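# Residue-level structure breakdown
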Amino acid sequence: MKIGFIGLGNMGAPMAANLVKAGHEVTGFDLVAPCPEGVSKADSAADAAAGQEVVITMLPNGDILRSVAAEIIPAMDKGALFLDCSTVDVESARAVAHDAEAAGLLAADAPVSGGIGGAQAGTLTFMAGGSDAAFEKARPLFDIMGQKAVHCGPSGNGQAAKICNNMILGATMLVTCEAFALADKLGLDRQKMFDVVSTSSGYSWTMNAYTPAPGVGATSPADNDYKPGFAAELMLKDLRLSQQAAEAADAETPIGARATELYRQFVESEGGKGMDFSAVLPWLAGKSRG
Ligand code: NAD
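All of these numbers come straight from a predicted model, not from anything done at the bench.

Here we come to helix H10 (residues 232–249). Spacing of three or four residues puts side chains on the same side of an α-helix, whose turn is 3.6 residues. Here H10 contains 18 residues, and its C-alpha end-to-end distance of 26 Å stays within 8% of the 26 Å for a straight helix at 1.5 Å per residue. Next to the buried residues of H10 lie helix H7 (157–186) and helix H11 (254–269). Taken from the residues just after H10, Asp 250 is the one with a positive phi, measuring 55°.

Below, the structure written as structure tokens:
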């Protein structure tokens, strides 16, 4: 397939490289980042999009997605697929898909989970929103860049699934870390707490597969000085998107709101920026109630 790829950062570059490895012809554009080996460099986003069967975007946020979309939609061939894999707000995803479809394109939002490691290994999970035709056209590319793709419904539903998942993840990480901090103050050994909780009803992915305590449970960023992994500021971004969506939909999300506030504090004023999102454990463990 002839593919345009716009946004070749931490995630986009390895995803584009995997498409090249699988034999696709990829033309890339990024304002700053270089093209990975095998990707031809275009001079603009519109140039990267013109004449392609599929154009993939992997961009930082909804405003940038909207501005790139305004530039590339008129340049794309009718019937081509606009596949946005960025994590953005549901409204931007729906607006961009609407404009693309009005211009005779197929459109899907397909944010990912799995991080930079998953992008490199081609083991991402895609959660997709859009028509059946758009999903079917994207499927062979999902199979190359990922290990699983779920069609979640119409446009925007991929983003909806992503922020619901990450709201659970953020809140679960916080409560797992505060439980370790409480255990410390109660004189309960962290390893003993892990042994109990990881096989009891408090178990979770954060406890069992991404244990936030160094030297305990699964090997995780905690064992590497809390270097990300999944950076706290990216968790904050996703939590903010969840609260923006909750407000727009009039959904009551008190735990999501509190998790957003705690990650905001941690990232903006408590040294969390650049740390893995599990580094809330040393932060909370070092605090007292007052
Ligand atoms: P990144 O900042 O490394 O990459 C984004 C790239 O977009 C940058 O290279 C930037 O130069 C480029 N860009 C910005 N504006 C542009 C424009 N107008 N035209 C062309 N290029 C432009 O970010 P990333 O980590 O690759 O993340 C990309 C998306 O994936 C984000 O939405 C993020 O939330 C999501 N995501 C990231 C991870 C992760 O672990 N990094 C995991 C899941 C999802």
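Let us now look at the pattern of salt bridges. Evaluated as defined, the whole model comprises six salt bridges. The salt bridge involving Arg 139 is made with Glu 136; its shortest N-O contact spans 2.8 Å. With Arg 139 and Glu 136 both in helix H6 (residues 132–145), this residue pair falls three residues apart, about one helical turn. Overall, the relative accessible area of 36% leaves Arg 139 in the partly exposed class. Residue Glu 136 is classed as partly exposed on the basis of its relative accessible area of 43%. Its salt-bridge partner being Glu 268, residue Arg 264 comes within 2.8 Å of it at the nearest N-O pair. One end of the pair is Arg 264 and the other is Glu 268, both in helix H11 and four residues apart, which spans about a single turn. Look at Arg 264 and you get partly exposed, because its relative accessible area is 27%.

Below, the discussion takes up the site of the ligand. The ligand sits among 23 residues. The nearest are Asn 10, Met 11, Asp 30, Leu 59 and Lys 237. Between the ligand and Met 11 there is a distance of 2.8 Å, counted from an oxygen atom to a backbone nitrogen or oxygen. In the environment of the ligand, an oxygen atom lies 2.8 Å from a nitrogen or oxygen atom belonging to the side chain of Lys 237. Isolated, the ligand exposes 830 Å² of accessible area, and the fraction of that covered by the protein chains is 84%. At the level of elements, helix H3 (62–72), helix H5 (115–121) and H10 are the ones that each hand at least two residues to the shell around the ligand. By residue class, the composition of the shell around the ligand is 14 nonpolar, six polar and three charged.

The side chains of a regular strand alternate between the sheet's two faces. With four of five residues buried, strand E1 (residues 2–6) is to be regarded as a mostly interior element. Where E1 lies against strand E2 (residues 25–29), five bridges are found, and the strand directions are parallel. Bridge pairing in E2 places Ile 6 opposite Phe 29. Handedness of the β-α-β unit built from E1, helix H1 (residues 12–21) and E2 comes out right-handed. Direction of pairing for E1 relative to strand E4 (residues 54–57): parallel, over a ladder of four bridges. Directly across from Ile 3, in E4, lies its bridge partner Val 54.

So, about unusual backbone geometry. Trans is the common state for peptide bonds, and a negative phi is the common state for residues other than glycine. Between Pro 228 and the following residue, Gly 229, the backbone shows a cis peptide bond with an omega angle of 15°. Among the structural elements, Gly 229 can be located in the loop between helix H9 (205–208) and H10. Non-glycine residue Tyr 226 carries a positive phi angle of around 60°. By relative accessible area, Tyr 226 is classed as buried at 8%. In the Ramachandran plot, Asp 250 falls in the positive-phi region, its phi being about 55° despite a non-glycine side chain. Position of Asp 250 among the secondary structure elements: in the loop between H10 and H11.

Cut-offs used in this document
- Residues numbered from 1 in each chain as written.
- Predicted model: local features only at pLDDT ≥ 70, side-chain atom pairs only at ≥ 80, totals over all residues.
- Heavy atoms only, no water.
- Helix = DSSP H or I, 4+ residues; strand = E, 2+ residues; numbered from the N terminus.
- Expected span 1.5 Å × (residues − 1).
- Contact = heavy atoms within 4.5 Å.
- Salt bridge = Lys/Arg side-chain N within 4 Å of Asp/Glu carboxyl O.
- Buried < 20%, exposed > 50% of the residue type's maximum accessible area, 1.4 Å probe, protein only.
- Near = heavy atom within 4 Å.
- Polar contact = N/O pair within 3.5 Å; in protein donor to acceptor, adjacent residues only side chain to side chain.
- Areas by Shrake-Rupley, 256 points an atom, 1.4 Å probe, with all protein chains shown as cover.
- Nonpolar A, V, L, I, M, F, W, Y, C, P; charged D, E, K, R; others polar.
- Pairing = 2+ DSSP bridges.
- Right-handed = clockwise from strand over helix to strand, strands pointing away.

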